[in-house]
Amino acid sequence: NAGVMQNPRHLVRRRGQEARLRCSPMKGHSHVYWYRQLPEEGLKFMVYLQKENIIDESGMPKERFSAEFPKEGPSILRIQQVVRGDSAAYFCASSPRSGGSETQYFGPGTRLLVL
Amino acid sequence: DQQVKQNSPSLSVQEGRISILNCDYTNSMFDYFLWYKKYPAEGPTFLISISSIKDKNEDGRFTVFLNKSAKHLSLHIVPSQPGDSAVYFCAASQMSGGGADGLTFGKGTHLIIQP
């Protein structure tokens, strides 16, 4: 019974390159959330998606960041033209239904380092 | 503006004793609260939750107490075990969702269980 899968676990990029982070939700879960954790900080909500729909992207930076959750395949968080400040751990979570009382289950995270 | 606050960055407790982790929130719209445990280089693991219609929820060694009037919740772990050493995050959401289903996290408390 696989949990939330994220890959890669570690990603190193040079400034100006693109970073693609992938997330496969738990089996039976159709709701995906992305969070970012900066050093010494808590997790900050970025975006909430259902299959083929972005439901809430209120936490996503307006530029360079995008997310998708296609009908087939994993959810992708894409960061274009990365800068050093993008270095962080990015966590994906999934839940079976929407709603604030649904427990979100987290993946192991992708640690992005921008040189 | 930190809507969920964990004012103790770290807490040291002797094995076998009770660990009490505290969390305060400022947003009166929050009505669902969760505790997550996180080991280094892993994603957060769900521990226990409570809705605002309750003031206590218990699961084995873990009990969460909610004081709505004080906007305060606490996690009690008894007896504390060495494997409990981790960072504990308090998180909050609105059960109604309203489209914004992301969790709001505190910065975490690093619990250290001493033998």
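Described in the following lines is the structure provided in the data block.

What counts, and at which threshold
Residues numbered from 1 in each chain as written. Chains lettered and ligands numbered in written order. Predicted model: local features only at pLDDT ≥ 70, side-chain atom pairs only at ≥ 80, totals over all residues. Heavy atoms only, no water. Phe/Tyr/Trp six-rings, centres within 6.5 Å; stacked < 30°, edge-to-face > 60°. Helix = DSSP H or I, 4+ residues; strand = E, 2+ residues; numbered from the N terminus. Buried < 20%, exposed > 50% of the residue type's maximum accessible area, 1.4 Å probe, protein only. Pairing = 2+ DSSP bridges. Axes fitted to C-alpha atoms, helices over the stretch in contact; angles between N-to-C directions. Contact = heavy atoms within 4.5 Å. Buried area = accessible area lost by both parts, 1.4 Å probe. Salt bridge = Lys/Arg side-chain N within 4 Å of Asp/Glu carboxyl O. Polar contact = N/O pair within 3.5 Å; in protein donor to acceptor, adjacent residues only side chain to side chain. Nonpolar A, V, L, I, M, F, W, Y, C, P; charged D, E, K, R; others polar.

## So, the packing of aromatic side chains
Residues and elements named next belong to chain B. If you walk through the whole model with that rule in mind, you get 12 aromatic pairs over all chains. Ring plane angle 45 degrees and centroid distance 5.8 Å describe the contact between Tyr36 and Phe105, whose orientation is recorded as tilted. With Tyr36 in strand β4 (residues 32–38) and Phe105 in strand β10 (residues 104–105), this residue pair connects regions lying 69 residues apart in the sequence. An identical accessibility class is assigned to Tyr36 and Phe105; each is buried. Their ring planes at 85 degrees and their centres at 6.2 Å tell us that Phe89 and Phe105 sit as a pair that is edge-to-face. Of the two residues, Phe89 is situated in strand β9 (residues 86–93) and Phe105 in strand β10; the sequence distance between them amounts to 16 residues. Exposure class is identical for Phe89 and Phe105. Each is buried.

## Side note on the sheet that holds strand β3 (residues 19–24) of chain A
Residues and elements named next belong to chain A. Spatial ordering of the open sheet is given by β1-β3-β8-β7, a layout of 4 strands whose pairing is antiparallel. A single partner strand is all that each edge strand has here, and the edge strands are β1 (5–7) and β7 (65–68). This sheet shows a mean twist of 15 degrees between the axes of neighbouring strands, independent of strand direction. Bridge count for β7 against strand β8 (residues 75–79) is 4 bridges, and the pairing is antiparallel. Looking across to β8, one finds that Phe65 is bridged to Ile79.

## A look at the sheet that holds strand β7 (residues 62–67) of chain B
Residue and element names in this part refer to chain B. With antiparallel pairing, the 5 strands of this open sheet are ordered in space as β1-β3-β8-β7-β6. Each edge of the open sheet carries a strand with a single partner, namely β1 (4–5) and β6 (56–59). The pairing of β1 with strand β3 (residues 19–25) spans 2 bridges and is classified as antiparallel. Paired with Val4 across the bridge in β3 is Tyr25.

## Some words on the interface of chain A and chain B
Tallying the contact residues gives 23 residues for chain A and 22 residues for chain B. Taken together, both faces of the contact between chain A and chain B bury some 1,700 Å²; the carbon and sulfur share is 55%. Between chain A and chain B we count 1 salt bridge in total. A salt bridge links Glu41 of chain A to Lys107 of chain B; the nearest nitrogen and oxygen atoms lie 3.6 Å apart. For the interface between chain A and chain B, the tally reads 3 residue pairs in polar contact (both at pLDDT 80 or more). Mapped onto the side of chain A that touches chain B, the elements with two or more residues apiece are β4 (31–37), β5 (43–50) and β6 (53–56) of chain A. When grouped by side-chain class, the residues that make up the side of chain A that touches chain B number 9 nonpolar, 9 polar and 5 charged.

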